[in-house]
Amino acid sequence: MKWGKINIYWLIYIIYSTGYRPKLQNSLYFCTKKINMGIFSLFDRKNKEKLDQGLEKTKQNVFSKLNRAITGKSTVDEVVLDNLEEVLITSDVGVDTTLKIIHRIEERVARDKYVSTSELNRILKDEITSLLVENHTTDNDNWELPSDHKPYVILVIGVNGVGKTTTIGKLAWRFKNAGKKVYLGAADTFRAAAVEQIKIWSDRVGVPVIKQQMGSDPASVAFDTLQSAKANDADVVLIDTAGRLHNKIGLMNELKKIKDVMKKVLPDAPNEIMLVLDGSTGQNAFEQAKQFSAVTQITSLAITKLDGTAKGGVVIGISDQLKVPVRYIGLGEGIEDLQPFNNQEFVDSLFNK
């Protein structure tokens, strides 16, 4: 006998009418819960696999150097720590952050009296995780737009070539998939084809973009974008900006003008200033971050192009030195390859053999 929808509905009705209502409700609840848990675990597993693949070269680089640093040693002594310091610095963690990590490990060695080299991997993992937590770089998987800011305005900055506009497009896709109404602002009016590039992303994702002609005043574009987003009850606004860093005074004045004009529409705007960095450039990314932080307040980071590079250690150093949380990391060219940064998963992928 075939069971159609009507027969199933009658079966549910009969079970309800015979007093088995609680059992049916429980069954339906647990079935739904298991299905949802299965879907989420599938996505989580896929993201973790992508993260493992994206950090593979960095992991190989770190562990090959770490193994050489402890060869022939059974305990963590001054020689091992000197070698570890070199490993971290040459893995693009950065000098200041490396010295901080070494100091913490020295304190643990002094406290515990005896630390074997076999424990070094675990201790290093613990200390790096602690650093990321201290810098508020925690679990962004469940980060949500603040409900007291609507629209929530994100001003996106970064030099040309880091993947800034692409990151905006991928963020728009993520927000839209989360059920948010998204607006884009094409305020990079100087770079050739920048407006066309963000227009392509708006068409691809299916969200509106506010734009003007090339060479227009970026602040004027930002003003129009916020007015339109506010009038149409948008949830989030992503503003692209010019990526020129060779003239810091010009950049500072331009960003200040954009922010001042935004406040005429929304007094609290921008709610977030996100700096996009190319992780594959290692310490150059760190230098860019320092220069940008000197001219404007940075509230979050998106670090792109970590796949295919051995310089993933730069994530640790930049977050530590700027005291700014890493919100997203880029692990590929696909639209879904911009992942919310999770410090525990990042460290696990970096250190688990």
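As a convention, each chain's residues are numbered from 1 in the sequence order in which they are written. Residues qualify for local features only when their pLDDT is at least 70, as the model is predicted, and side-chain atom pairs are given and counted only at 80 or more; totals for whole chains, interfaces and linings, by contrast, use all residues. Neither water nor hydrogens contribute to the side-chain values; these are computed over all heavy atoms in the structure.

**Quick look at the overall build of the protein**
Condition: A helix here means a DSSP run of H or I that spans at least four residues, while a strand means a run of E at least two residues long, and both kinds are numbered starting from the N terminus. Partly exposed residues are those whose accessible area sits between 20% and 50% of the maximum for their type, while under 20% is buried and over 50% is exposed, using a 1.4 Å probe and protein chains only. Any two residues whose heavy atoms approach within 4.5 Å are treated as being in contact.
Secondary structure summary: the protein contains 13 helices and eight strands in total. Here the protein holds 353 residues, and the buried ones make up 49% of them. Taking the contacts inside the protein whose residues are at least 6 apart along the sequence as the reference set, 76% of them involve residues at least 24 apart.

**What to know about the confidence of the model for the protein**
Filter applied, for reference: Scored from 0 to 100, pLDDT reflects the predictor's confidence in each residue.
With 84% of its residues at a pLDDT of 70 or more, the protein has an overall mean of 82. Mean pLDDT across the secondary structure elements of the protein bottoms out at helix H1 (residues 5–17), with 46, and peaks at strand E3 (residues 209–210), with 98. Low pLDDT (under 50) marks residues 1–16, which in the prediction has ten contacts with non-local residues, meaning those over four places away or in another chain. Scored below 50 in pLDDT, residues 20–43 shows seven contacts in the model against residues more than four places distant or in partner chains.

**A short note on the packing of aromatic side chains**
In plain terms, the rule: Classification of ring pairs rests on two measures: the distance between centres of Phe, Tyr or Trp rings, Trp counted by its six-membered ring, which must be within 6.5 Å, and the angle between planes, read as stacked under 30 degrees, edge-to-face over 60 and tilted in between.
Under the criterion given, the structure shown has one aromatic pair. Geometrically, the ring pair formed by phenylalanine 341 and phenylalanine 346 is tilted, given 5.1 Å between the ring centres and 50° between the ring planes. When sorted by exposure, phenylalanine 341 lands in the same class as phenylalanine 346, which is buried.

**Side note on the pattern of salt bridges**
Our working definition: Here, a salt bridge means any side-chain nitrogen of Lys or Arg that lies within 4 Å of a carboxyl oxygen of Asp or Glu.
Counted according to the given criterion, the structure contains 24 salt bridges. In this structure, the salt-bridge partner of aspartate 337 is lysine 50, at a minimum N-O distance of 3.7 Å. Of the two residues, aspartate 337 sits in the loop between strand E7 (326–330) and strand E8 (338–340) while lysine 50 sits in helix H2 (residues 21–54), which places them 287 residues apart along the sequence. Assessed through its relative accessible area of 26%, lysine 50 is described here as partly exposed. With a shortest N-O distance of 2.9 Å, aspartate 320 and lysine 100 are connected by a salt bridge. In this pair, aspartate 320 is assigned in helix H12 (residues 314–322) and lysine 100 in helix H5 (residues 95–112), connecting sequence segments 220 residues apart. Residue aspartate 320 is classed as buried on the basis of its relative accessible area, which comes to 1%. Linked by salt bridges that have partners in common, Arg104, Arg108, Glu119, Arg122, Asp126, Glu127 and Glu134 make up one network.

**A few points about unusual backbone geometry**
Note the cis peptide between lysine 150 and proline 151, where omega equals 0°. Tracing the chain through its elements places proline 151 in the loop between helix H6 (120–134) and strand E1 (152–157). Following alanine 269, the chain continues into proline 270 via a peptide bond in cis, with omega recorded as -5°. With respect to the helices, strands and loops of the structure, proline 270 is situated in the loop between helix H10 (248–265) and strand E5 (272–278). Of note in the backbone geometry, lysine 323 takes a positive phi value of approximately 55° without being a glycine.

**Points about a negative patch on the surface**
Let me state the cut-off plainly: Two distance rules govern patches: like charges are joined within 9 Å, and nonpolar side chains (Val, Leu, Ile, Met, Phe, Trp, Tyr) within 5 Å, applied only to residues with over 30% relative accessible area and no salt bridge. Computed with the Shrake-Rupley method and a 1.4 Å probe, the accessible areas treat only the protein chains shown as cover for residues. Counting rule for charge: Lys and Arg are taken as positive, Asp and Glu as negative, and neither His nor the chain ends is counted. Lysine's charge is taken at NZ, arginine's at CZ, aspartate's at CG and glutamate's at CD.
On the surface, a cluster of negative charge is made up of Glu78, Asp82, Glu106 and Glu107. At the level of elements, helix H4 (78–90) and H5 are the ones that each hand at least two residues to the negative patch.

**Considerations on the environment of leucine 66**
Note on placement: leucine 66 falls in helix H3 (residues 56–70). On the basis of relative accessibility, which here comes to 5%, the residue leucine 66 falls in the buried class. Once the C-alpha coordinates of leucine 66 and valine 80 are considered, the two residues, 14 residues apart in sequence, prove to be 9.4 Å apart. Every residue in contact with leucine 66, bar those within four places of it in the chain, is listed here: Leu84, Val87 and Leu120.

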